[in-house]
Structures are given as C-alpha cells and as structure tokens.
Amino acid sequence: MSKSSSTQTRNTRNGADKRINDDESPLVWLRRRKDRSGAAMISQAQFEAGERLRAEFWFAQMTPRTTTNWSAMSPTKRGRRYGSSRVSASDMIDSASAAAERVRKALAAVGPELSGVLVDVCCHLKGLEEAERAAGWPQRSGKIVLQLALSALARHYGITRAAENGSRASPTRHWGAEDFRPLIDGGE
C-alpha cells in the first residue's frame, strides 16, 4: 500500500517556488485540525510564522547531520569548475549565514522559555507529544505552549491577526485623551 502525500508548490518571499510535503509538518496538521468551536487550532498568522521559521532554519542548514558530509570531496567544492562555483558558493554561504542570524534573532525575540518548543515542532518537525515528553510537561500542555510561542513569533515577524482579517494594524496607542495633541516648543 502506498501512502499518498500532499506535496504543494509554494511561492517564497523572494519569488522562488519550493516544493513542500505537508504531511511532514506538525503545523499543517494543527492548522487543519479543528477545536470544539470549529476554529483551527492555530491561526493563519501563527502558521505563517512557524513555516517562515522552518524555511529559514532549513535554508540556514542548521539541521543536525546524520551522516558524513562528503560535499567537500566534490570537484565543484574544490573549485575545479572554472571558478564559477566559488562565487556562487560564497553567495550561498552568505545567504545561509544571514538566514541563521534571522533564526537566532527570532528565537531570541521569543525568549528561552518558548524557543525550545519552536525548534522542536517547527524546525525538527517533532510531534506535540514528543515535544511534551522531551520537555517534561504534562499531557496536552504542549499545544498551549506552542500557541503562545507561535503568537510571539508572529509578533516578531510582524504577522498580526489584523493582517489575517484583511484590515490594517491597530493604530498607535497613547495615554492621552482622544483629542490630545502634544505641544512643541512650549507652544500655547
């Protein structure tokens, strides 16, 4: 029996298409799954933030290696392809290191308490039960912690619920009255 997978082609931020197998992502599963009220378990903003972290994590090549890296033995890595691979390889390294820095900043913005569950679920594609066991949390608590972490991540990336509804972000809030206007230069 062959298991059918739902592979999609998605457009990335830089306009390139990438193929993604939705069956391997715990976030897709949570986005499809409904709670008692019929709403998705994670919002579209939370899903987009988690998928963005996942994409940058993979592009930065931060995944642990499970075998020996033989890429240094290839002729293109040793510079035998008329020098063209050196330029593209250095560009690739710069892009990967920039992606790694974006991942570090995103995880720092979320904080050390929540970054672990993001790395486990979004980046290493662990299920919620496995992440709960690894962290020593009670059963069914991982979903709530993941929702909090994804909300903080969406806030860091600038993805808000207002964008989900198609409306503008909320205006700047202040303590003054509705008609309050600050005075400049001690004006009257």
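Here's what I pulled together on the structure shown here. (Residues numbered from 1 in each chain as written. Predicted model: local features only at pLDDT ≥ 70, side-chain atom pairs only at ≥ 80, totals over all residues. Heavy atoms only, no water.)

**A look at the overall build of the protein chain**
Helix and strand counts for the protein chain stand at seven helices and two strands. The order of α-helices and β-strands along the protein chain, N terminus first, is β-β-α-α-α-α-α-α-α. Counting only residues that meet the buried cut, the protein chain has 29% of its 188 residues in that class. Partitioning the intrachain contacts of the protein chain with sequence separation of at least 6 by distance along the chain shows that 56% fall at a separation of at least 24. With an accessible surface of roughly 13700 Å², the protein chain has 52% of that area assigned to carbon and sulfur atoms. (Helix = DSSP H or I, 4+ residues; strand = E, 2+ residues; numbered from the N terminus. Buried < 20%, exposed > 50% of the residue type's maximum accessible area, 1.4 Å probe, protein only. Contact = heavy atoms within 4.5 Å. Areas by Shrake-Rupley, 256 points an atom, 1.4 Å probe, with all protein chains shown as cover.)

**With respect to the nonpolar core**
Judged by nonpolar contacts, the single largest core of 32 residues is most densely connected at Leu 27, Leu 53, Leu 118, Leu 146, Leu 150 and Leu 153. At the level of elements, helix H1 (26–32), helix H2 (44–59), helix H3 (84–110), helix H4 (112–123), helix H5 (128–135) and helix H6 (142–157) are the ones that each hand at least two residues to this core. Per-element accounting of this core gives the leading share, eight residues, to H6. When residues no more than four places from it in sequence are discounted, the contact partners of Leu 118 are Leu 53, Leu 107, Val 110, Cys 123, Leu 146, Ala 149, Leu 150 and Leu 153. (Core = buried A, V, L, I, M, F, W, Y, C linked by side-chain atoms within 4.5 Å.)

**Re the packing of H2 against H4**
The description of two packed helices rests on the angle between their axes and on the distance between the axes. Where H2 contacts H4, the axes come no closer than 9 Å and their chain directions differ by 80°. Relative to H4, H2 is oriented roughly perpendicular. Contacts from Gly 50, Leu 53, Arg 54, Phe 57 and Trp 58 of H2 reach H4 at Leu 118, Cys 122 and Cys 123. Split by residue class, the contact of H2 with H4 holds six nonpolar, one polar and one charged. (Axes fitted to C-alpha atoms, helices over the stretch in contact; angles between N-to-C directions. Parallel < 35°, antiparallel > 145°, perpendicular 65-115°, else oblique. Nonpolar A, V, L, I, M, F, W, Y, C, P; charged D, E, K, R; others polar.)

**Section: the environment of Ala 96**
Along the polypeptide, Ala 96 turns up in helix H3. According to the relative accessible area criterion, Ala 96 is buried, its value standing at 11%. For Ala 96 and Ala 60, which are 36 residues apart along the polypeptide, the C-alpha to C-alpha distance reads 4.2 Å. Every residue in contact with Ala 96, bar those within four places of it in the chain, is listed here: Phe 59 and Ala 60.

**As for the side chain of Glu 132**
Here Glu 132 is to be found in helix H5. Lacking a salt bridge, the buried Glu 132 has Arg 133 as its closest oppositely charged neighbour, with an N-O distance of 6.8 Å. Engagement of the side chain of Glu 132 in a polar contact is seen with the backbone nitrogen of Ser 141, the distance being 3.2 Å. Setting aside anything within four residues of it in sequence, one finds Glu 132 in contact with Trp 137, Pro 138, Gln 139, Arg 140, Ser 141, Gly 142 and Lys 143. (Lys, Arg positive; Asp, Glu negative; His and termini not counted. Salt bridge = Lys/Arg side-chain N within 4 Å of Asp/Glu carboxyl O. Polar contact = N/O pair within 3.5 Å; in protein donor to acceptor, adjacent residues only side chain to side chain.)

**So, the environment of Gln 44**
Within the fold, Gln 44 resides in helix H2. Each C-alpha atom, one on Gln 44 and one on Arg 31, is 7.6 Å from the other, the two residues being 13 residues apart in sequence.

**Focus: unusual backbone geometry**
Even without glycine at this site, Gln 61 takes up a positive phi of about 55°. Summarising the element assignment, Gln 61 is placed in the loop between H2 and H3. For Gln 61, a relative accessible area of 53% gives the class exposed. The backbone of Arg 140 sits at a positive phi, close to 65°, despite the residue not being glycine. Note on placement: Arg 140 falls in the loop between H5 and H6. Assessed through its relative accessible area of 66%, Arg 140 is described here as exposed.

The analysis is restricted to geometry; functional conclusions fall outside its scope.
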